[in-house]
Amino acid sequence: MGRIQNYIKAHPFLPALLFALLFVALTLPGIEWGLPAGWNVGELVQRVVNALHGEYQFDTENFDYPSLPKYAMYGLGWLVMQGGGDTYEVMLAARALSVLLGALIVLMTYLLAVRLRASTLGASLAATLVLTSYLMAEHARIAHNDIYLAFFTLLVALASLHYARMLQRVWFYMACLLVGLAASSKYNGISLALVPFGLHLLLHRQTPSRPKAHASESFFLGTIFLVMGYGIGTPTAILWPAFYFKRMLPALFGHAVYDLQPGSQLGITGMWPSLIEALSPGFALLAVAGLGLAVSRFARRRQEAGLVSALPWLVLPAMLLAQALPTMLSYNHPKRFFLPLVPLLAALCAPAFDWLLAKLREPKLVLWRIIFVVLLLATLGYATARAIGL
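Structural notes, computed from the coordinates.

Reading the values: rules and limits
- Here the residue index of a chain counts from 1 through its sequence in written order.
- Only residues with pLDDT of 70 or above have their local features reported here, since the model is predicted, and side-chain atom pairs are shown and tallied only from 80 upward, although totals for entire chains, interfaces and linings are computed over all residues.
- Only hydrogens and water are set aside; all other atoms, that is, all heavy atoms of the structure, feed into the side-chain values.
- Segments assigned H or I by DSSP are reported as helices when at least four residues long, segments assigned E as strands when at least two residues long, and all are numbered from the N terminus.
- When accessible area is computed with a 1.4 Å probe and restricted to protein chains, residues below 20% of their type maximum are described as buried, those above 50% as exposed, and intermediate ones as partly exposed.
- Any Lys or Arg side-chain nitrogen located within 4 Å of an Asp or Glu carboxyl oxygen qualifies as a salt bridge.
- For helices, the fitted line uses only the C-alpha atoms of the stretch in contact; every axis is such a line through C-alpha atoms, and the angle between N-to-C directions lies from 0 to 180 degrees.
- For classification purposes, angles smaller than 35 degrees are called roughly parallel, those larger than 145 roughly antiparallel, those between 65 and 115 roughly perpendicular, and all remaining angles oblique.
- Helix crossings are classified by the rotation of the near helix relative to the far one: an anticlockwise turn of less than a right angle makes the crossing left-handed, while a clockwise turn makes it right-handed.
- Note on contacts: a residue pair is in contact if any heavy atoms of the two residues lie within 4.5 Å.
- Charged means Asp, Glu, Lys or Arg here, nonpolar means Ala, Val, Leu, Ile, Met, Phe, Trp, Tyr, Cys or Pro, and polar covers whatever is left, Gly included.
- When the centres of two rings from Phe, Tyr and Trp lie within 6.5 Å, Trp using its six-membered ring, the rings pair. Their planes under 30 degrees apart give stacked, over 60 give edge-to-face, and anything left gives tilted.

A word on unusual backbone geometry
Phi is mostly negative for residues that are not glycine, and the peptide bonds are mostly trans.
Argument step 1. Between Leu35 and the following residue, Pro36, the backbone shows a cis peptide bond with an omega angle of 5°.
Argument step 2. Among the secondary structure elements, Pro36 is positioned in the loop between helix H2 (13–27) and helix H3 (45–52).
Argument step 3. A positive phi angle is found at Arg117, which is not glycine, with a value near 70°.
Argument step 4. Among the residues examined, Arg117 registers a relative accessible area of 60% and is labelled exposed.
Argument step 5. Here the phi dihedral of Ser280 falls at roughly 100°; this positive angle occurs in a residue that is not glycine.
Argument step 6. Note that Ser280 resides in the loop between helix H15 (272–279) and helix H16 (281–305).

Some words on the pattern of salt bridges
Argument step 1. Here the structure, examined in full by the defined rule, presents 4 salt bridges.
Argument step 2. Here Arg95 and Glu43 are joined by a salt bridge, their closest N and O atoms 3.0 Å apart. Pair noted here: Arg95 is in helix H5 (residues 87–115) and Glu43 is in the loop between H2 and H3, with a separation of 52 residues, a long-range link.
Argument step 3. Using a relative accessible area of 2% as the deciding quantity, one classes Glu43 as buried.

Here we look at the packing of H3 against helix H4 (residues 68–82)
Argument step 1. Two elements in contact, H3 and H4, have axes separated by 9 Å at closest approach and are oriented at 50°. Relative to H4, the element H3 is oriented oblique. The element H3 and its partner H4 pack so that their crossing is right-handed. Taken together, the residues of H4 that come into contact with H3 (itself represented by Val45, Val48, Ala51 and Leu52) are Lys70, Met73, Tyr74, Gly77, Trp78 and Met81.
Argument step 2. Here the contact of H3 with H4 is composed, by residue class, of 8 nonpolar, 1 polar and 1 charged.

Regarding the environment of Leu252
Argument step 1. Among the structural elements, Leu252 can be located in helix H13 (residues 241–254).
Argument step 2. Overall, Leu252 belongs to the partly exposed group, its relative accessible area being 26%.
Argument step 3. C-alpha separation for the pair Leu252 and Ala16, spaced 236 residues apart in sequence, amounts to 36 Å.

Comments concerning the packing of aromatic side chains
Argument step 1. Scanning the model with the defined rule gives 16 aromatic pairs in all.
Argument step 2. Their ring planes at 20° and their centres at 5.3 Å tell us that Tyr173 and Phe225 sit as a pair that is stacked. Placement of Tyr173 in helix H9 (residues 169–183) and of Phe225 in helix H11 (residues 212–233) is noted, with a sequence separation of 52 residues between them.
Argument step 3. Residue classification places Phe225 among the partly exposed positions, given a relative accessible area of 27%.
Argument step 4. Look at Tyr244 and Phe245: their rings are 5.1 Å apart centre to centre, the planes differ by 85°, and that puts the pair in the edge-to-face class.
Argument step 5. Of the residues examined, Tyr244 reaches a relative accessible area of 0% and is grouped as buried.
Argument step 6. For Phe245, a relative accessible area of 32% corresponds to the partly exposed category.

As structure tokens, this is what we get:
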């Protein structure tokens, strides 16, 4: 048994892959429901189908969404139609792509938890929390843009964590490029730029021996990579910027007051009940514990070894704040806006789970250990039932 555990610990990709395959097995059946009409009137793939039939052009009329998901679905749909497929098969393929992105999110959540020094059991819990999330199950079954934002958000987190640990500028540039791709998936993704650029500024402030010109140069190049990432997914923004931004910016700012009602609350005060319901109370409590543990480890490490050594523990709390910021400043905060937070919070749950389990191993705390395990199983059971019930 010990040899198996050591092998799994040395090869974390293998259990991560198993969780991803399990997600595919649970999510793929039933994705054809409602096709070709579609059960979600706002499902982005319907615009893609119109574009494939020459009835619609991206970034010319409607600017509610940036275009990376549309072009990804368009390219896949074009290949399907070249193979003789019809509208039904195009929409089915686009939904299957969402399932694949969901599986990769599960895989990367496990790996992110491992990067946070979580045990195999803790990382497995993180992957299971994403695997059983009803938000993930729902949005991996439709061809819309939220799953794309969640995917690129997780990649930004991994790249930023590498940058904070390895202090290599290539990871800063990679994180900036991925922020651009995230923003090109959904406008909210632009707030993620706060994390790599914030890390960049903190690191250069802590190393005064580096010439200021180097800091300005890398900051400028990071901005170029961000713009490049956005342009890859939404080329009109680069090829025809005056036309694009004149129409995109009003649509962007309109998101914050969409469906505004007299009793609507700003997200910073009104989004929390929806977030807790989206996660489940048990998941939310463990996530709060994980967030508190990360902040305390950052503070302790900073005191012991300095800010630069402590920065890796700051990455995920900063990612959560950056991702939630647009929703906190908006009157529009439906549950789907919290999808990108799910894998980040799940990854933070892993070290919190390990810490709690270690504390509860004392013989005098056996009753509390039993209560903790029962509550955890109830949380996972409740989440599984919600996800299967979709």
